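Here are the chains, one letter per residue:
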Amino acid sequence: MHGHLLALMRLIVHHGHAEGAAAANYLSRVAEAFMDCQAVQARVIEQVGLEIRGVVLDFRGLVTKLVGDYKVVAIKMLAHDRIQRGLASDDGNPTHYENRLTADLGDTLGLNKDDIRRAALDEHAASRFPRITRSAREQAAAQARDLFDLDALLKVLMAETNSFSEASPANSLPRVFLDWAASRLTEKHIVFDEETCSRVEVGESLALAILEDLFSELPPASADEMYRDRRLCELFRPS
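For clarity, every value in this text was computed on a predicted model and none was experimentally measured.

A few words on the packing of aromatic side chains. Counted according to the given criterion, the structure contains four aromatic pairs. Between F59 and W180, the ring centres sit 5.1 Å apart and the planes meet at 40 degrees, which makes this aromatic pair tilted. You can see F59 sitting in helix α4 (residues 59–84) and its partner W180 sitting in helix α10 (residues 173–184), a full 121 residues away along the chain. Judged by relative accessible area, F59 falls into the buried class, the value being 3%.

Those places that UniProt annotates as "signal peptide" (unreviewed entry) correspond, in this numbering, to residues 1–18. Helix makes up 89% of residues 1–18 and strand makes up 0%, while its end C-alpha atoms are separated by 26 Å.

Turning our eyes to something else, we now look at α4. In a regular helix each residue adds 1.5 Å, so 26 residues correspond to 38 Å; α4 covers 38 Å between its end C-alpha atoms and thus fits that length. A positive phi of about 80 degrees marks G86, the residue just after α4.

Right, let's talk about the layout of surface pockets for a bit. Computed from the structure, the largest pocket encloses a volume of approximately 1,000 Å³. Along its surface, the largest pocket is lined by 32 residues, and Q47, L57, K65, N112 and D114 are the ones closest to its centre. Contributing elements (two or more residues each) for the lining of the largest pocket: α2 (23–33), α3 (38–53), α4, α5 (94–109) and α6 (113–120). It is α4 that provides the largest number of residues to the lining of the largest pocket, a total of eight residues. One number sums up the size of the second largest pocket: a volume of about 430 Å³. Taken together, 16 residues form the lining of the second largest pocket, with M1, L5, Q38, A39 and A42 sitting closest to its centre. In terms of residue count, α3 provides more of the lining of the second largest pocket than any other element does, five residues in total. Residues belonging to the lining of the second largest pocket are distributed by class as follows: eight nonpolar, five polar and three charged.

Time to look at the nonpolar core. Here is a general trend for soluble globular proteins: nonpolar side chains tend to be buried in one another's company. If you look at the biggest cluster of nonpolar residues, it comprises 33 residues, and the most contacted ones within it are F59, F177, W180, V191, L206, I210 and F236. Counting residues per element, the ones that place at least two in this core are α4, α9 (150–162), α10 and α11 (204–215). I210 has contacts with F59, F177, W180, V202 and F236, leaving out every residue within four places of it along the chain. A79, I83, L101 and A140 belong to the second largest nonpolar core, which has 16 residues in total.

What follows concerns the pattern of salt bridges. Overall, the coordinates contain 15 salt bridges when judged by the stated rule. In this structure, the salt-bridge partner of D81 is R85, at a minimum N-O distance of 2.8 Å. Taking the relative accessible area as the measure of exposure, D81 reaches 24% and is therefore partly exposed. Ionic pairing is found between K113 and D107, a salt bridge with its closest N-O pair at 3.2 Å. Each member of the pair, K113 as well as D107, carries the same accessibility label: exposed. Through salt bridges that share partners, E46, D114, D115, R117 and R118 make up one connected network.

Below, the discussion takes up the side chain of R184. Position of R184 among the secondary structure elements: in helix α10. A residue is classified by how much of its surface remains accessible, and R184, at 15% relative accessible area, is buried. At 2.9 Å, the side chain of R184 and the side chain of D213 are in polar contact. Excluding residues within four positions of it along the chain, R184 makes contact with D213, L235, F236, R237, P238 and S239.

Moving on to the environment of A142. Tracing the backbone through its elements, the reader meets A142 in helix α8 (residues 134–147). Relative accessible area serves as the criterion here: at 34%, A142 is assigned to the partly exposed category. Considering only alpha carbons, one finds A142 and T108, 34 residues apart in sequence, at a separation of 9.7 Å.

Attention shifts here to the packing of helix α1 (residues 2–17) against α2. α2 packs onto α1 with a crossing angle of 135 degrees between their chain directions and a minimal axis gap of 9 Å. Considering the angle they form, α1 stands oblique to α2. Two packed elements cross with a definite hand, and for α1 against α2 that hand is left-handed. Across the interface between the two elements, M9, I12, H15 and G16 of α1 pack against A23, Y26, L27 and V30 of α2. Grouping the constituent residues of the contact of α1 with α2 by class yields six nonpolar, two polar and no charged.

Cut-off values and rules
- Once a new chain begins, its residue numbering starts again from 1 and follows that chain's sequence as written.
- For this predicted model, a pLDDT threshold of at least 70 governs which residues receive local features, and a threshold of 80 or more governs which side-chain atom pairs are given and counted, while totals over whole chains, interfaces and linings are taken from all residues.
- Excluded from the side-chain calculation are hydrogens and water; included are all heavy atoms of the structure.
- Only Phe, Tyr and Trp rings are paired, with Trp represented by its six-membered ring, and only when their centres lie within 6.5 Å; those with planes under 30 degrees apart are stacked, over 60 edge-to-face, the remainder tilted.
- Elements are defined by DSSP. Helices are runs of H or I of four residues or more, strands are runs of E of two residues or more, and each kind is numbered from the N terminus.
- Remark: exposure states derive from per-residue accessible area (1.4 Å probe, protein chains only) relative to the maximum for the residue type, with buried under 20%, exposed over 50%, and partly exposed in between.
- UniProt positions are given in the numbering used here, feature names are shortened, and annotations may be inferred rather than shown by experiment.
- To estimate the expected span of a helix, count its residues, drop one, and scale the result by 1.5 Å.
- Cavities and pockets are found on a 1 Å grid laid over the protein atoms alone: a cavity is a set of points where a 1.4 Å probe fits but cannot escape, a pocket is an open set with protein on both sides within 12 Å along at least five of seven lines, and a lining residue has an atom within 4 Å of such a point.
- Grid points are joined across faces, edges and corners, and a volume is the space filled by probe spheres set on the points.
- Note that Gly is not counted as nonpolar here; it falls among the polar residues with everything else outside the nonpolar set of Ala, Val, Leu, Ile, Met, Phe, Trp, Tyr, Cys and Pro and the charged set of Asp, Glu, Lys and Arg.
- The set of buried Ala, Val, Leu, Ile, Met, Phe, Trp, Tyr and Cys residues whose side-chain atoms join them within 4.5 Å is what this entry labels a nonpolar core.
- In this description, contact between two residues means that some pair of their heavy atoms is separated by no more than 4.5 Å.
- Salt bridge, as applied in this entry: a Lys or Arg side-chain nitrogen positioned within 4 Å of an Asp or Glu carboxyl oxygen.
- Any pair of N or O atoms that falls within 3.5 Å is considered a polar contact. Within protein, one atom must be able to donate a hydrogen and the other to accept it, and sequence-neighbouring residues count only if both atoms are side-chain atoms.
- Here an angle of 0 to 180 degrees is reported between the N-to-C directions of two axes, which are lines fitted to C-alpha atoms, with helices fitted over the stretch in contact.
- Under this scheme an angle from 65 to 115 degrees is roughly perpendicular, one under 35 degrees roughly parallel, and one over 145 degrees roughly antiparallel; angles in between are oblique.
- Left-handed describes a crossing in which the near helix is turned anticlockwise from the far one by less than a right angle; the clockwise case is right-handed.

Next up, the structure:
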């Protein structure tokens, strides 16, 4: 892990020195991370370094990352609640207890593997907080699921897809969404507004069906659910 992060940090510095594409943005993100703890620093260095290397995600990967971000928020809320209830001590830096929860509950909650890996390497989390025992793990995981804000996730997904414009970067979520829609939906123009068909306009029921299509083994919608006078389930090609 040390060698991996060191190589990425060197890449970031050299990219900035050469005034590479988006160098100012990358350097700002890393600089802001160094105002936080080492766990945050490692996460940002890895993210920025991989972006510079050109490691890009498809639509499912970008949505998975978005879902993962909301799972992280749920973990933060869970950590705060457990500290407030006296189930863990407050060491002044909640990031380390969040890492303890991430390491213990990560597989159960389906957290991002890179987050779990980094959390397991947090020595402060390991030394300051006991592991959550098996008897309490399911209860903590259930609470984290309750704290996961699906409504907020749907609204952000809709805002992201609907923000598409000519200025959207090639590997951005709104742009790769259109590529995904063209190959996955039977009527690709259903993602545009009905009046002018000139801007992306994904409604909430379609956004939910997209999430279900990406991550559920079940059909993305019930047979009688409609979207713009069309059966929602018929808008998706067979898997």
